[in-house]
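Structural overview for review
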Amino acid sequence: MAAALAGFYSTAQVTDPSLTTQPAIITETAQRSAKVVYGEVGGPGLLSVNYDMRFSKTSDGFGFRVGFGGWSIKKSTAVFIPLGLNYITSRNNRDFFEAGAGATIVSNSIGDGEGPFESSFGFLSLGYRKQPAEGGYFFKASLVPVFGKGFFWPYYAGVGFGYAF
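As the structure is a computational prediction, the values presented were derived from the model and not from experiment.

Description of the overall build of the protein chain
Across its full length, the protein chain carries two helices and ten strands. Of the regular secondary structure in the protein chain, the N- to C-terminal order runs α-α-β-β-β-β-β-β-β-β-β-β. The buried share among the 165 residues of the protein chain stands at 35%. Put simply, of all contacts in the protein chain between residues at least 6 apart along the chain, 47% involve residues at least 24 apart. In the form shown here, the protein chain has an accessible surface area of approximately 9,700 Å², with 69% of it arising from carbon and sulfur atoms.

Some points on the pairing of strand β3 (residues 61–73)
Of the pairings in the sheet, the one linking strand β2 (residues 47–54) to β3 comprises seven bridges and is antiparallel in character. Its bridge partner being in β3, Val49 is matched across the sheet by Phe68. Linking β2 to β3, which pair antiparallel, is a turn of six residues. With antiparallel pairing between neighbouring strands as the criterion, β3 and strand β4 (residues 76–90) make up a hairpin whose turn holds two residues, including Lys74 at a positive phi of roughly 50 degrees.

Points about the nonpolar core
Within the largest apolar cluster, eleven residues are counted, these being Leu46, Ala78, Phe80, Val106, Phe117, Phe121, Phe123, Val144, Val146, Phe151 and Tyr156. Those elements that provide at least two residues to this core are β4 and β6 (121–130). In this structure, Val146 is in contact with Phe117, Phe121, Gly122, Phe123, Phe151, Phe152, Trp153 and Tyr156, ignoring residues within four places of it in sequence.

Digging into the packing of aromatic side chains
Each aromatic ring pair is specified by the distance between its two centres and by the angle formed by the two planes. Enumeration over the complete set of coordinates arrives at 14 aromatic pairs. Summarising the aromatic geometry, the rings of Tyr38 and Phe138 are spaced 5.2 Å apart at their centres and angled 45 degrees between planes, so their arrangement reads as tilted. Here the residue Tyr38 occupies a position in strand β1 (residues 35–42), and Phe138 occupies one in strand β7 (residues 136–143), the gap between them amounting to 100 residues. On the basis of an interplanar angle of 45 degrees and a centroid distance of 5.7 Å, the ring pair of Phe117 and Tyr156 is categorised as tilted. Of this pair, Phe117 sits in the loop between β5 (95–108) and β6 while Tyr156 sits in the loop between β9 (151–153) and β10 (157–164), and the two are 39 residues apart along the sequence. Summarising the burial analysis for this pair, Phe117 and Tyr156 share the class buried.

Overview of the pairing of β4
By the bridge criterion, eleven bridges tie β3 to β4 in an arrangement that is antiparallel. Residue pairing across strands places Phe62 opposite Tyr87, the latter belonging to β4. Bridge count between β4 and β5: 13 bridges; the pairing is antiparallel. Directly across from Phe80, in β5, lies its bridge partner Val106.

Rules behind the numbers
- Residues numbered from 1 in each chain as written.
- Predicted model: local features only at pLDDT ≥ 70, side-chain atom pairs only at ≥ 80, totals over all residues.
- Heavy atoms only, no water.
- Helix = DSSP H or I, 4+ residues; strand = E, 2+ residues; numbered from the N terminus.
- Buried < 20%, exposed > 50% of the residue type's maximum accessible area, 1.4 Å probe, protein only.
- Contact = heavy atoms within 4.5 Å.
- Areas by Shrake-Rupley, 256 points an atom, 1.4 Å probe, with all protein chains shown as cover.
- Pairing = 2+ DSSP bridges.
- Core = buried A, V, L, I, M, F, W, Y, C linked by side-chain atoms within 4.5 Å.
- Phe/Tyr/Trp six-rings, centres within 6.5 Å; stacked < 30°, edge-to-face > 60°.

Dropping the structure here:
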């Protein structure tokens with residue numbers, strides 16, 4: 001009798017309509033584009049607030065970043081606008097490898113100067129990001145080589161904290 005009930009119970013589980021809605025929820029979560037808002041110290045914006053989003057409705061793949069940063073010290077003011085394309089990939093949909101490239105537009109109050117961050121420059125990005133698929137707190141750490149008119153810094157880095165949604 002117990003074997004017959006066990007067989008009936010397992011059949012009831014397979015035909016239970018409430019179980020068919022659960023995969024739809026998982027599919028819906030996986031089919032929304034990953035978006036992140038984060039602050040970054042270092043990196044191509046030096047001290048910036050950024051928005052990052054995937055082009056497709058997945059949590060990994062190709063995407064872009066755009067940011068706004070800068071500083072004001074005494075009579076000198078600089079504004080940084082990092083723009084970039086990136087690709088992220090993951091095995092567990094939580095820990096990602098990131099590779100990207102872009103340019104930072106620089107506007108400052110003293111005109112084009114001689115220092116490395118006095119005029120616009122290019123950057124590469126190779127790093128790690130913790131970005132839960134269902135959203136939540138975000139962390140990234142990257143090696144960000146920067147290059148521009150007369151300089152190349154291969155060991156520049158950036159760290160970012162924010163929120164994925």
